[in-house]
2 protein chains.
Amino acid sequence: MSMETVSTNRAHGGTQGIYRHGSDATGTNMTFSVYVPPHEEGARLPVLWYLSGLTCTHANVTEKGEFREACAKHGIIFVAPDTSPRGDDVPDEDGYDFGKGAGFYVDATEKPWAANYRMRSYVEEELPTLIAAQFPMADMTRQSITGHSMGGHGALTIGLRNPNRFRSISAFAPVVSPIHCPWGEKALGRYIGEDRAGWRQYDACALIEDGARVKELLVDQGDADNFLEEQLNPDLLRDACKRAGIDLTLRMQPGYDHSYYFISTFLGEHVGWHAERLKR
Amino acid sequence: MSMETVSTNRAHGGTQGIYRHGSDATGTNMTFSVYVPPHEEGARLPVLWYLSGLTCTHANVTEKGEFREACAKHGIIFVAPDTSPRGDDVPDEDGYDFGKGAGFYVDATEKPWAANYRMRSYVEEELPTLIAAQFPMADMTRQSITGHSMGGHGALTIGLRNPNRFRSISAFAPVVSPIHCPWGEKALGRYIGEDRAGWRQYDACALIEDGARVKELLVDQGDADNFLEEQLNPDLLRDACKRAGIDLTLRMQPGYDHSYYFISTFLGEHVGWHAERLKR
């Protein structure tokens, strides 16, 4: 598996890199970012995945996330994938909430999306294999995952489906139940088709109802978030975790919205929370 | 003096705002950002100015600067102006290093630039008056200044010309002597004209040679900065400070370049350095 280095910059004592590779999963080139903190030669460092929200690429969190200081302090590698396949040949349509920038971390089964929109396989299988091959300091036995909005949905669902891969899972303003919100109904209906049974593997609350179990979850949610009531519904996750005995820490953050000003306020804290669990 | 609020976002417990106003100095609308940290009602907070570099607006540091956590911790207001007048009626020309995005913090005297390119008056006089009027928690008796590249030049020259206004001055990869570099020769030659005597008020090293004095300066400079040798010449500032008895802390940062990955690594530390001096 090969990749190309787009750029590297020294930051907080480590290296912020942007990389590109040809993806078998999506059939396109894919770009992602990796921050490697300062470390001693031969050290093996845990990996925190960050999945981004609608309209984003790897770049938003890389530039605005304010995570590097905490990653440098705790010795954590930070990986940020793109949110969809890219390129002129990739089917798309108008609207920010479907198509490019809106892969929803699913493997599409419906035409014309199934050929490229395979972000589940990309994030669950292909990119971890590439990271393991290209970053010898990455200790793939110690991984955690977080994400924002659509990427919070991605972090929760990928984490819940792979409890042995991830030591810990957190999210910022996640779409906790795509089955029950307009963004999710549109995306799953078109990527996966009208049979709603197939949607449940892409819904954190449904996964928990269907038996997925982790010890704990950390979720931050701004109470001034424009999408809170219609799209995000954190109460659904609270109820599902309560019934399942999952220890959910849901922090309603007063005055915070859906932006990177919210994420960057708390992302360093999440890095520290994951670091505690990655070092046990 | 009136202004319009473009946006406000809660961040690190305070408020990151973007504002717009009609400027008498430039004859255009101007946009700037102000971060007000969390504070008690009636508190009076010191102000740190940040002047940006070539091609930037207020937005670059606001989004990528990683300064808010330190400002929240130390109780510092952070003000980031734009780098030039803006608008379709403002004269401009091709090239990133002159015209829009490249005001060089001078009051132009040459046609056609003199009508709008008055960033010295804007940053030295008009914007501070607006901040004092619109942000009642801003304690204008306690100000400090920093900046990057062209904005490091701005911070040094404005600071050196106004030693009683600023408690402390720092810079990131500053243009320390525009008289002695291509960026500066082009900008000053066209904004101020060919008489080089008029350039010296816009050159930190010349100001020091001509008698400007401050107690100390803090400068961070990456040693992997592409512009180091041709444009930045920190040795000229080192020599000028040595002759003048100014205590310059010039830190050559190994492996760092000219980007916001460099700035964001050290800006929090600069905020803390200024905070010590603003609280005495």
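Everything that follows concerns the structure shown earlier in this document.
Residues numbered from 1 in each chain as written. Chains lettered and ligands numbered in written order. Predicted model: local features only at pLDDT ≥ 70, side-chain atom pairs only at ≥ 80, totals over all residues. Heavy atoms only, no water.

Draft legend 1. Geometry of the relation of the copies chain B and chain A. Take chain B, turn it by 180°, move it 0.0 Å along the axis, and it overlays chain A with an RMSD of 0.0 Å. Look at the turn and shift together and you get a two-fold axis relating the two. For chain B, the smallest separation between a C-alpha atom and the rotation axis is recorded for Lys64 of chain B, amounting to 2.6 Å. Interface overlap between copies is the fraction of interface residues in one copy that are interface residues in the other; for chain B against chain A it reaches 100%, indicating a shared surface. (Least-squares fit on C-alpha atoms with pLDDT ≥ 70 in both. Contact = heavy atoms within 4.5 Å.)

Draft legend 2. A look at the pattern of salt bridges. Residues and elements named next belong to chain A. Per the counting criterion, the structure on display carries 38 salt bridges over all chains. When the shortest N-O distance is used, the salt bridge between Arg20 and Glu4 registers 2.9 Å. Linking Arg20 in strand β2 (residues 14–22) with Glu4 in strand β1 (residues 4–11), this pair joins segments that are 16 residues apart in sequence. Of the residues examined, Glu4 reaches a relative accessible area of 41% and is grouped as partly exposed. Among the salt bridges present, the one from Arg251 reaches Asp220, with a minimum N-O distance of 2.7 Å. With Arg251 in strand β9 (residues 247–253) and Asp220 in strand β8 (residues 216–222), this pair connects stretches of sequence that are 31 residues apart. Several salt bridges share partner residues, and in doing so they unite Arg200, Glu209, Asp210 and Arg243 into one network. (Salt bridge = Lys/Arg side-chain N within 4 Å of Asp/Glu carboxyl O. Helix = DSSP H or I, 4+ residues; strand = E, 2+ residues; numbered from the N terminus. Buried < 20%, exposed > 50% of the residue type's maximum accessible area, 1.4 Å probe, protein only.)

Draft legend 3. Here's a closer look at the packing of aromatic side chains. All told, the structure shown has 32 aromatic pairs over all chains when counted by the stated rule. Seen from their ring centres, Trp183 of chain B and Phe227 of chain B are 4.8 Å apart, and the 45° between their planes marks the pair as tilted. Placement of the pair is Trp183 of chain B in helix α5 (residues 182–191) and Phe227 of chain B in the loop between β8 (216–222) and α7 (228–232), with a sequence separation of 44 residues. Members of the aromatic cluster, joined through ring pairs, are Tyr35, Tyr50, Phe67 and Phe78 of chain A. One residue, Arg10 of chain A, lies across the ring of Tyr256 of chain B, its end atom 5.9 Å from the ring centre. Over the aromatic face of Phe67 of chain B sits the side chain of Arg68 of chain B, whose NZ or CZ is 4.9 Å from the ring centroid. (Phe/Tyr/Trp six-rings, centres within 6.5 Å; stacked < 30°, edge-to-face > 60°. Lys NZ or Arg CZ within 6 Å of the ring centre and 35° of its normal.)

Draft legend 4. Just the interface of chain B and chain A, in detail. On the chain A side, the residues contacting the 21 residues of chain B number 21 residues. Summing both sides of the interface, chain B and chain A together bury roughly 1900 Å²; the carbon and sulfur share of this comes to 45%. Among the residues chain B hides against chain A, the three largest losses belong to Arg10, Glu66 and Tyr261 of chain B. Together they make up 38% of the total. There are four salt bridges connecting chain B and chain A. The tally of links from chain B across to chain A stands at 15 residue pairs in polar contact (both at pLDDT 80 or more). Put simply, the parts of the chain that give the side of chain B that touches chain A at least two residues each are β1 (4–11), α1 (58–64), α2 (68–74) and α9 (260–278) of chain B. (Buried area = accessible area lost by both parts, 1.4 Å probe. Polar contact = N/O pair within 3.5 Å; in protein donor to acceptor, adjacent residues only side chain to side chain.)

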